[in-house]
Amino acid sequence: QGRGPIWLDDVRCTGTEAALSECRAKGWGLHGCEHAEDAGLVCSAANVTENAQVRLAAGPHRCAGRVEVLHEGRWGTVCDDDWDLKDAKVICRQLGCGTAVAAPGQARFGGGSDPIWLDNVECAGVETAFSQCGLSGWGLHNCNHEEDAGVVCSGGPRGGKRRGAPPPKKKGTA
């Protein structure tokens, strides 16, 4: 429990802010609180993977396909719940594939066979890496592979340098 002035009340952050002062709030010093309501936090990297590897699978070229992310040494998919162009924009940026053209859901590029790692991803569209987006807990979802998220980027078959993971190998090849 703190002492002294209470500076913020009703703070609302999206998760993309660089500082608490960038979050929405009533205003500095405006509050209806007591110190018994002081907020605290515990920082942990348990659900965030620094520089998470992502790839696009089963698409017509390296800059379009089903979104897959590497976690605990296994590739898995992302559910299309809340999936939109802002999320796709971050994937395209991380992979060096230009900007996002589409963020198809409903397994447009086929359903994956790996685990579904993420659901309800929240990107603002300004992040440089997927791991900077709001990611729910790994493996927590209410989806099936008919809801795998996809991305189509402006970079084509030969456009841009690839950054990220190699494409998945096709079955039956070494």
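Cut-offs applied
Residues numbered from 1 in each chain as written. Predicted model: local features only at pLDDT ≥ 70, side-chain atom pairs only at ≥ 80, totals over all residues. Heavy atoms only, no water. Helix = DSSP H or I, 4+ residues; strand = E, 2+ residues; numbered from the N terminus. Buried < 20%, exposed > 50% of the residue type's maximum accessible area, 1.4 Å probe, protein only. Disulfide = S-S within 2.5 Å.

As recorded by an unreviewed UniProt entry, the protein carries the name DMBT1 protein and is attributed to Lophotis ruficrista.

Draft legend 1. Examining unusual backbone geometry more closely. The phi angle at Q106 is positive, at roughly 50°, despite the residue not being glycine. Within the element layout of this structure, Q106 appears in the loop between β4 (100–102) and β5 (116–118). Given a relative accessible area of 69%, Q106 falls into the exposed group. We note that A107 has phi near 50°; this positive angle belongs to a residue other than glycine. Structurally, A107 can be placed in the loop between β4 and β5.

Draft legend 2. A look at the state of the cysteines. In total, this model carries five disulfides according to the counting rule given. One disulfide in the model links C79 with C143; its S-S distance is 1.8 Å. Looking down the S-S bond of the C79 and C143 bridge, the torsion is -90°, so its handedness is left-handed. On the criterion of sequence distance, the pair formed by C79 in the loop between β3 (74–78) and α1 (85–95) and C143 in the loop between β5 and β6 (150–153) is long-range, its members being 64 residues apart. According to the relative accessible area criterion, C79 is buried, its value standing at 1%. Taking relative accessible area as the criterion, C143 reaches 13% and is therefore assigned buried. Each disulfide pairs two cysteine sulfurs, and for C92 the partner residue is C153, the sulfurs being separated by 2.0 Å. When the S-S torsion is -90°, as for the bridge of C92 with C153, the disulfide is left-handed. Residue C92 is found in helix α1, and its partner C153 is found in strand β6; the two are separated by 61 residues along the sequence.

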